[in-house]
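Residue-level listing of the chains:
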Amino acid sequence: IREFSDLGSGFRVAALDLEIRGAGNLLGGEQSGHIESVGFDLYVKLLEQTVRELKGEEIDEEVRAVVNLDVDIKIDQRYIPDTNQRLTIYRRVAAARDEPALTSLLDELHDRFGPIPPTVATLVEYGRIRVLADDLGVESMDRDAQQLVLKFRTTTPVDPMRLVRFVERRPDVRLLPPATLHVDLRAPGDPSRSGGNLSWWTDRARSADVREGFSRTEYQREARRGQDTDDLFSRISDMLVELGTLRVDG
């Protein structure tokens, strides 16, 4: 207490704590709460901005879609053991602006590390969905269990009449003013879809296994476990491609 009572001692205490316990893994399980809280895309953006600020570089404000599909997009450490190399791949996927860039990255990874594992394929497909969302003019895309909320920017060049007709022929999509789509991600043959877009409470209460004290987080975790990631990505990307045909300039 006598040694660390001066002004600025808090920094010295924190430095000693890092020296004793370590800083944890940036994308691993230890002390990685920040990236989990803000999301991978925003975390990488903040990291890049901080690095550029420290270098004295000018920061250009870019507008990109914020995509949160609540899926595991971590690269398997057995595929790329080096942490710095994994971080580089994460940044390249997040920085990709078109599909050819992602295809080129997949080819490079195959040449350097071998056949592409499912974890890497999931990460790159995640990046492709973000590219499609950027091209369409999507502001944000958030998945909440079996619901997807897609918000357009005010400048999105989508023909309103075409969008209305799109919603009319898609029973799994609802249009909410001013410019938000709610998409039901449950499979077309799922019996729970017959009641429309149910709330998480109603949907969970109708299930066969209702336990005392279950929470929304627990319910969403079970819903995610029951949905195939490949099917989820396929449905979302197909929808984005179809919405792209509704552009005024398309």
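Relevant structure appears above.
A brief look at the structure comes next. What you are looking at is a predicted structure, and each value in this text was computed from that prediction instead of being measured. (Residues numbered from 1 in each chain as written. Predicted model: local features only at pLDDT ≥ 70, side-chain atom pairs only at ≥ 80, totals over all residues. Heavy atoms only, no water.)

### Observations regarding the sheet that holds strand β1 (residues 66-68)
For step 1, the next point in the chain: Spatially, five strands are ordered β1-β2-β3-β5-β4 in an open sheet, and the strand pairing comes out mixed. Edge positions in the open sheet fall to β1 and β4 (173-176), since each of these has one partner strand only. Looking at each pair of strands side by side, their axes are set apart by 15° on average, direction ignored.
For step 2, the next point in the chain: Taken together, the four bridges between β4 and strand β5 (residues 180-184) define a ladder with antiparallel strand orientation. Looking across to β5, one finds that Arg-174 is bridged to His-182. (Pairing = 2+ DSSP bridges. Helix = DSSP H or I, 4+ residues; strand = E, 2+ residues; numbered from the N terminus. Axes fitted to C-alpha atoms, helices over the stretch in contact; angles between N-to-C directions.)

### Describing helix α6 (residues 118-136)
For step 1, the next point in the chain: Taking 1.5 Å per residue, 19 residues should reach 27 Å; α6 reaches 27 Å between its end C-alpha atoms and fits that length.
For step 2, the next point in the chain: Of the positions making up α6, those classed as buried are Val-120, Thr-122, Leu-123, Val-124, Tyr-126, Gly-127, Ile-129, Arg-130, Val-131, Leu-132, Ala-133 and Leu-136.
For step 3, the next point in the chain: Remark: Gly-137 follows α6 within two positions and exhibits a positive phi of approximately 95°. (Expected span 1.5 Å × (residues − 1). Buried < 20%, exposed > 50% of the residue type's maximum accessible area, 1.4 Å probe, protein only.)

### Things to note about unusual backbone geometry
Trans peptide bonds make up the majority, and among non-glycine residues the majority have a negative phi.
For step 1, the next point in the chain: Residue Pro-178 is bonded to the preceding Pro-177 through a cis peptide linkage, with omega at 5°.
For step 2, the next point in the chain: Its place among the elements puts Pro-178 in the loop between β4 and β5.
For step 3, the next point in the chain: Phi at Asp-70 is positive, roughly 55°, even though this residue is not glycine.
For step 4, the next point in the chain: Of note, Asp-70 is situated in the loop between β1 and α4 (83-95).

### Overview of α4
For step 1, the next point in the chain: Compared with an ideal rise of 1.5 Å per residue, which puts 13 residues at 18 Å, α4 spans 18 Å between its outermost C-alpha atoms and is within 8% of the ideal.
For step 2, the next point in the chain: Listing the buried residues of α4 in full gives Arg-86, Leu-87, Ile-89, Tyr-90, Val-93 and Ala-94. Along the axis of α4, the buried residues cluster in a sector spanning 160°; they form a single face.
For step 3, the next point in the chain: The residue sitting at the N-terminus of α4 and contributing the capping side-chain oxygen is Asp-82; that oxygen lies 3.1 Å from the backbone nitrogen of Asn-84. (Arc of directions from axis to C-beta. Polar contact = N/O pair within 3.5 Å; in protein donor to acceptor, adjacent residues only side chain to side chain.)

### Remarks on the environment of Leu-102
For step 1, the next point in the chain: Take Leu-102: it is sitting in helix α5 (residues 99-113).
For step 2, the next point in the chain: Expressed as a C-alpha distance, the spacing of Leu-102 and Arg-128, which sit 26 residues apart in the sequence, is 7.3 Å.

### Side note on the packing of α4 against α5
For step 1, the next point in the chain: Two elements in contact, α4 and α5, have axes whose closest approach is 11 Å; the angle formed by their N-to-C orientations is 160°. Relative to α5, the element α4 lies roughly antiparallel. Considering the relative orientation of α4 and α5, their crossing is left-handed. Of the residues in α5, those touching α4 at Gln-85, Ile-89, Arg-92 and Val-93 are Leu-102, Leu-105, Glu-108, Leu-109, Arg-112 and Phe-113.
For step 2, the next point in the chain: Class assignment of the residues belonging to the contact of α4 with α5 gives a composition of six nonpolar, one polar and three charged. (Parallel < 35°, antiparallel > 145°, perpendicular 65-115°, else oblique. Left-handed = near helix turned anticlockwise from the far one by under 90°. Contact = heavy atoms within 4.5 Å. Nonpolar A, V, L, I, M, F, W, Y, C, P; charged D, E, K, R; others polar.)

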